[in-house]
Amino acid sequence: MWGGGGGLVEYRSALLASHGFVSLALEYFSSRTMGNASEKNPLTGNEYFEAAFIILKEHPQVASERVALLGLSFGTSVALGMAVYSSVIQPSCVVCISGSHVQPVKESISGVFAEFGKNVHKTRYDENNYVIWRDLLLPIPTDPNKKVDLGRIKCPLLLI
C-alpha cells in the first residue's frame, strides 16, 4: 500500500511483479474513496483490505503461507493497523518504509488521515522546497489508543 498521494499506484506494484513477486495494487486513498470522513466507506474499511488479502491468498499461483504486507509512508499506517487488528489478515511478514505506528487505532482510514491533518502546521520545507513531514506525528503519544500496538504483530517486521 502506497502513501497519502492517493489514486491507484500501479507502477510500483508492476515493479515488484517484474521481479517475480505476485503483487496487488489497491486504490484506497482518493477523493472517490475517501468522501466524507464521517461516512462509512467500503473502500476504506478493514473489509476492503481483508477481501484483497483473501483474493491473493486463495489465488492458485500464490504460495498462500507467504503473503506479506508492504506499506510506504501512509501505507505503513494501513499495513501496521491491518497486521495487528485484523483477524483475517495474517501476513507472513510486514515491510514498512518511511512510515509510523502513530494513528488513532479505532478510526477509519479517512479518520486517521484527518487526525494527521490536525498537525499539518508542523510541516517544514528544506532549501529545495521539499516537504519534511518528520514532525507531523511528534511527540509520540502515550495514549495507547493513538498508536498501533506493535507487540501484537505475530510475524517478522522490517522497518525502513
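Residues numbered from 1 in each chain as written. Predicted model: local features only at pLDDT ≥ 70, side-chain atom pairs only at ≥ 80, totals over all residues. Heavy atoms only, no water.

**Quick word on unusual backbone geometry**
Part 1 of the reasoning: For the bond running from Leu 138 to Pro 139, omega is -5 degrees, close enough to zero to count as cis.
Part 2 of the reasoning: Despite not being glycine, Asn 129 shows a phi value in the positive range, around 70 degrees.
Part 3 of the reasoning: For Asn 129, a relative accessible area of 57% corresponds to the exposed category. (Buried < 20%, exposed > 50% of the residue type's maximum accessible area, 1.4 Å probe, protein only.)

**Considering the nonpolar core**
Part 1 of the reasoning: Ranked by internal contacts, the top residues of the largest apolar core, which has 29 residues, are Met 1, Tyr 28, Phe 49, Leu 69, Phe 74, Val 78 and Val 94.
Part 2 of the reasoning: Those elements that provide at least two residues to this core are α3 (46-58), α4 (74-85), β2 (94-97) and α5 (109-117).
Part 3 of the reasoning: Ranked by the residues each element gives to this core, the list is headed by α4, at 7 residues. (Core = buried A, V, L, I, M, F, W, Y, C linked by side-chain atoms within 4.5 Å. Helix = DSSP H or I, 4+ residues; strand = E, 2+ residues; numbered from the N terminus.)

**Structural notes on the confidence of the model for the chain**
Part 1 of the reasoning: Here the chain averages 84 in pLDDT, while 88% of its residues score no lower than 70.
Part 2 of the reasoning: When pLDDT is averaged over each element of the chain, strand β5 (residues 157-159) comes out on top at 95 and helix α2 (residues 31-34) at the bottom at 53.
Part 3 of the reasoning: Below a pLDDT of 50 lies the segment residues 37-43, which in the model reaches 11 contacts outside its immediate sequence neighbourhood of four places, other chains included. (pLDDT = per-residue confidence, 0-100. Contact = heavy atoms within 4.5 Å.)

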